[in-house]
Amino acid sequence: MTQNESIIELGLWLTTPPGRYLLAWEQERLDHAVTDIFGFHALQLGLPEVDTLRSNRMPHRWIASDSLTVPAAIEMPPPIDEQGAPLSISPSPVALHCESEALPFADNALDLVVMPHTLELAADPHRALAEVTRVLRPEGKVVIVGLNPASLWGARQRLGHARLKLAGGQRSLFLPRAGEFIGYWRLRDWLRLLNFEIEGGRFGCWRPPMASQRWLDRFGWMDRIGAHWWPVFGAVYCVVAVKRVRGMRLIGLARSERISPKAAPAPVALNHNIHREEEGTK
């Protein structure tokens with residue numbers, strides 16, 4: 001499967017009942033994460049079906065994708081704040097075609113980068129994250145959304161891959177076939193190596209991996225208690241990190257020590273005393 005096909009498959013899966021359930025949590029989490037991030041330039045890298053920057057107020061915003069296929073936008077409920085009040089929706093960002101491993105921006109040019117499932121579908125996730133580090137300015141922020149391998153959804157996907165090998169390709173998977181799950185703690189290690197400071201992390205979607213909306217609704221109670229009893233086993237996570245650049249400290253100019261000229265006559269006085277002792281012996 002090519003990368004373009006994997007992106008299309010993810011977009012189609014997001015229209016299924018479990019996909020919309022997952023997307024609803026991600027959209028709400030991203031609306032709260034980006035609404036108070038200020039600056040001038042913001043970039044959404046991947047998943048062009050959803051506008052993750054709709055509640056952000058930066059004047060220059062882009063949605064970048066390496067797929068030439070224009071996907072249909074998925075309708076989402078309007079954003080609301082934590083008190084339930086509606087948030088303002090910004091105009092649609094400008095579409096941009098590029099690869100996540102080679103962004104067409106100068107160094108230190110962006111204030112915010114949102115990566116919804118970008119690392120999972122990237123050909124080289126390390127290089128894609130390093131490229132985001134390059135284009136982010138100091139104190140810029142990156143928001144990353146990914147599927148959690150340490151969850152019921154991740155366990156079912158691994159079981160599906162095992163059955164797929166045994167059945168010879170006759171079984172379907174619960175999640176899209178393409179993509180590599182990147183664990184939450186593994187991602188935190190990558191970010192620290194690139195001089196990012198983790199500002200926050202959240203898990204969500206604790207319902208079992210059910211394909212029908214009816215069964216997903218029956219297990220709605222698991223979302224209410226999952227955040228307290230098994231928070232790290234949510235099907236999806238959202239990480240917010242800040243790029244830190246260690247600055248130089250000006251400690252002052254080095255002062256050169258001057259050599260004192262008073263130490264020079266000492267050998268002369270010593271030679272004079274030796275000359276007197278030689279005369280006395282004679």
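Quantities reported herein were computed from a predicted structural model and do not represent experimental measurements.

Caption draft 1: How the structure looks around the side chain of Glu-101. Mapping Glu-101 onto the fold places it in the loop between β3 (94-97) and β4 (110-116). Buried charge without a partner: Glu-101 forms no salt bridge, and the closest opposite charge is Arg-127, 6.4 Å away. Beyond its immediate sequence surroundings of up to four residues, Glu-101 is in contact with Ala-122, Ala-123, Asp-124, Arg-127, Ala-128 and Glu-131.

Caption draft 2: View of the pairing of strand β1 (residues 41-45). The buried fraction of β1 is high, at four of five residues. Relative to strand β2 (residues 60-65), β1 is paired through five bridges, and the arrangement is parallel. Across the sheet, residue Gln-44 finds its bridge partner in β2, namely Ile-63. For β1 and β4, the ladder comprises three bridges, and the chain directions are parallel. Looking at β4, one finds that Gln-44 is bridged to Val-114.

Caption draft 3: Fine view of the environment of Trp-25. As for its placement among the helices and strands, Trp-25 is situated in helix α2 (residues 17-34). Owing to a relative accessible area of 17%, Trp-25 belongs among the buried residues under this scheme. Between the alpha carbons of Trp-25 and Tyr-237 there is a distance of 9.8 Å; along the sequence they are 212 residues apart. In this structure, Trp-25 is in contact with Arg-202, Phe-203, Gly-204, Cys-205, Val-236, Tyr-237 and Cys-238, ignoring residues within four places of it in sequence.

Caption draft 4: Layout of the packing of aromatic side chains. What the rule picks out here adds up to 11 aromatic pairs. Their ring planes at 70° and their centres at 5.8 Å tell us that Tyr-184 and Tyr-237 sit as a pair that is edge-to-face. Of this pair, Tyr-184 sits in helix α6 (residues 184-193) while Tyr-237 sits in strand β7 (residues 236-243), and the two are 53 residues apart along the sequence. We classify Tyr-237 as buried; its relative accessible area is 2%. Connected via pairs of aromatic rings, a cluster forms that spans Trp-13, Tyr-21, Trp-153 and Phe-174.

Cut-offs and rules
Residues numbered from 1 in each chain as written. Predicted model: local features only at pLDDT ≥ 70, side-chain atom pairs only at ≥ 80, totals over all residues. Heavy atoms only, no water. Helix = DSSP H or I, 4+ residues; strand = E, 2+ residues; numbered from the N terminus. Buried < 20%, exposed > 50% of the residue type's maximum accessible area, 1.4 Å probe, protein only. Lys, Arg positive; Asp, Glu negative; His and termini not counted. Salt bridge = Lys/Arg side-chain N within 4 Å of Asp/Glu carboxyl O. Contact = heavy atoms within 4.5 Å. Pairing = 2+ DSSP bridges. Phe/Tyr/Trp six-rings, centres within 6.5 Å; stacked < 30°, edge-to-face > 60°.

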